[in-house]
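Chains, contacts and geometry: an overview
Listed here are the chains, written in short residue letters.
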Amino acid sequence: MAMPTIKQVRAFTVRGGGADYHDQADGHWIDDHISTPMARYPEYRQSRRSFGIDVLGTLVVEVEASDGTVGFAVTTGGEIGAFIVEKHLARFLEGQRVTDIEKMWDQMYYATLYYGRKGVVLNTISGVDLALWDLLGKLRQEPVYQLLGGPVRDELVFYATGARPDLAKEMGFIGGKLPLQHGPAEGEEGLRKNIETLATMRERVGDDFWLMYDCWMSLDVRYATRLAQAAQEHKLKWLEECLPPDDYWGYAELRKNVPRGMLVTTGEHEATRWGFRMLLEMGCCDIIQPDVNWCGGMTELIKISALADAHNVMVVPHGSSVYSYHFVVTRHNSPFAEFLMMAPKADEVVPMFTPLLLDEPVPERGRLKVPETPGFGVRLNPDCKLTRPYSH
Ligand SMILES: [Mg+2]
């Protein structure tokens, strides 16, 4: 059978839908006084929405093949991302063979180099790339993990990110990652509260359950070092994304400062093989956490992961549901996965991309067998209203 070519690329926006994890109502744990780099300003301390975390919104990319098959993916990028797809990237896809993913990625990356490299442009390229993998899987009638070389284990095991590791333990997860709530601007009192929260959770979950702290780029080396030292008594497993992503030097220093056995993790807001090369060669962390929706997509994650493997650094992708599950199940160097607790009280397992995606699998008792459905195995919910702000 001749491989179909790409007939059309389309980009849509949708408010909410979970692709940015940021469309949360008041009272949700994910927006309840989480420590952020903007917390140095008291007026932006209580809510991430106050400084605009939800401003971009969701981007949906659809790629239609000449035989009518449609692949799609979602990411964060909204209207800006839709503009980049329609006005710039579409030309590198339309008319190409669906299998020529490497060439299409290369052209998208190099053509946007003068304004891209990281951030929203790479989010957008990631969305297009994942839509291409979804399309290829659908044409070949295979799940993406088979296209990646096949699974190396039968099922995934998960830790849960959310405000209630104690409930996550009851639900069968292997660990719980708390959002850090107080940053350096809240001084000694804030530091004490951070440690108290950890101590309380440790008491509830016992000694063997993993507990981690996600610091969302909000600390400095000195504060992160003190936090790590104080957290040692409560057996903190890792300290995540303590510093702004550009501070590779700070991460290298922090990794030397933390108590023996405690891990330093980062990379959620890093992109491309070159960004991760900095983290790896400078010895910044023990685990990298690329987000496949942001780092350059599946095509780039394969390269990042191989580089990490050669540096003896684990790859545990950030959130991103099916887009990361299909990868994690194919790599020994990714021994477990993250599940983001999207329930407002972190007290039940709900699909991460609700309501935008249908058929999204969720872990049961902290485990998941990745479905064999072709592509990424999810569908767009027809009840979600998509808008196509640009066309070409
Ligand atoms: Mg994180």
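Residues numbered from 1 in each chain as written. Predicted model: local features only at pLDDT ≥ 70, side-chain atom pairs only at ≥ 80, totals over all residues. Heavy atoms only, no water.

The step from T354 to P355 runs through a cis peptide bond, and the omega angle for that step is 5 degrees. In this structure, E241 takes a positive phi of about 40 degrees despite not being glycine. For E241, a relative accessible area of 1% corresponds to the buried category. (Buried < 20%, exposed > 50% of the residue type's maximum accessible area, 1.4 Å probe, protein only.)

In the numbering used here, UniProt assigns the feature "binding site: substrate" (unreviewed entry) to H22, R48 and E338. Along the chain, E338 falls in strand 11 (residues 337–340). Apart from the residues lying within four places of it in its own chain, the contact partners of E338 are F158, Y159, T161, K177, P317, H318, G319, Y325 and M352. Side chain to side chain, E338 and T161 meet in a polar contact 2.5 Å long. (UniProt positions renumbered as here; feature names shortened; annotations may be inferred. Helix = DSSP H or I, 4+ residues; strand = E, 2+ residues; numbered from the N terminus. Contact = heavy atoms within 4.5 Å. Polar contact = N/O pair within 3.5 Å; in protein donor to acceptor, adjacent residues only side chain to side chain.)

Let's shift gears to the packing of aromatic side chains. Here the structure, examined in full by the defined rule, presents 16 aromatic pairs. Ring centres 4.9 Å apart and planes at 70 degrees place the aromatic pair Y114 and Y115 in the edge-to-face group. A residue is classified by how much of its surface remains accessible, and Y114, at 69% relative accessible area, is exposed. Considering the side-chain rings of W238 and F336, the 6.1 Å spacing of their centres and the 20 degrees angle between planes classify their relative orientation as stacked. With W238 in strand 7 (residues 238–240) and F336 in the loop between helix 11 (321–328) and strand 11, this pair connects stretches of sequence that are 98 residues apart. With a relative accessible area of 0%, W238 lands in the buried category. Judged by its relative accessible area of 6%, F336 is buried. Members of the aromatic cluster, connected to one another through ring pairs, are W105, Y109, Y110 and W274. In this structure, K303 packs its charged tip against the face of W105, placed 6.0 Å from the ring centre. (Phe/Tyr/Trp six-rings, centres within 6.5 Å; stacked < 30°, edge-to-face > 60°. Lys NZ or Arg CZ within 6 Å of the ring centre and 35° of its normal.)

On to the packing of helix 1 (residues 78–87) against helix 3 (residues 119–140), then. The geometry of helix 1 relative to helix 3 is characterised by a closest axis approach of 9 Å and an angle of 60 degrees between their N-to-C directions. The crossing of helix 1 and helix 3 is right-handed. In this structure, helix 1 contributes I80, G81, I84 and V85 to the contact, and helix 3 contributes V120, V121, T124 and V128. Split by residue class, the contact of helix 1 with helix 3 holds six nonpolar, two polar and no charged. (Axes fitted to C-alpha atoms, helices over the stretch in contact; angles between N-to-C directions. Left-handed = near helix turned anticlockwise from the far one by under 90°. Nonpolar A, V, L, I, M, F, W, Y, C, P; charged D, E, K, R; others polar.)

Turning our eyes to something else, we now look at the domain arrangement of the protein. When the domains of the protein are assigned, the result is domain 1 (6–21 + 57–141) and domain 2 (147–373). The distance between the C-alpha centroids of domain 1 and domain 2 comes to 26 Å. Residue-level contacts link 28 residues of domain 1 with 33 residues of domain 2. Between domain 1 and domain 2, the buried area comes to about 2,300 Å², and carbon and sulfur atoms account for 64% of it. If you look at where domain 1 meets domain 2, you find two salt bridges. We note a salt bridge from E102 to K303, for which the minimum N-O separation is 2.5 Å. At the boundary of domain 1 with domain 2, the tally comes to 14 residue pairs in polar contact (both at pLDDT 80 or more). Taken together, the elements giving at least two residues each to the side of domain 1 that touches domain 2 come down to strand 2 (58–65), strand 3 (70–76), helix 2 (101–111) and helix 3. For the side of domain 1 that touches domain 2, the leading source of residues is helix 3, giving nine residues. Taken together, the residues of the side of domain 1 that touches domain 2 break down into 15 nonpolar, eight polar and five charged. (Domains from an automatic or database assignment. Buried area = accessible area lost by both parts, 1.4 Å probe. Salt bridge = Lys/Arg side-chain N within 4 Å of Asp/Glu carboxyl O.)

L93, M298 and Y323 are the most contacted members of the largest nonpolar core, which has 115 residues in total. Counting residues per element, this core draws most heavily on helix 3, which supplies eleven residues. Residues from two domains meet in this core; each of domain 1 (6–21 + 57–141) and domain 2 (147–373) gives at least three. Ignoring anything within four residues of it in the chain, the contact list for M298 reads D129, L130, W133, V144, L148, V292, Y323, F327 and F376. Ranked by size, the runner-up nonpolar core spans eight residues in total, among them V157, Y159, L263 and V316. (Core = buried A, V, L, I, M, F, W, Y, C linked by side-chain atoms within 4.5 Å.)

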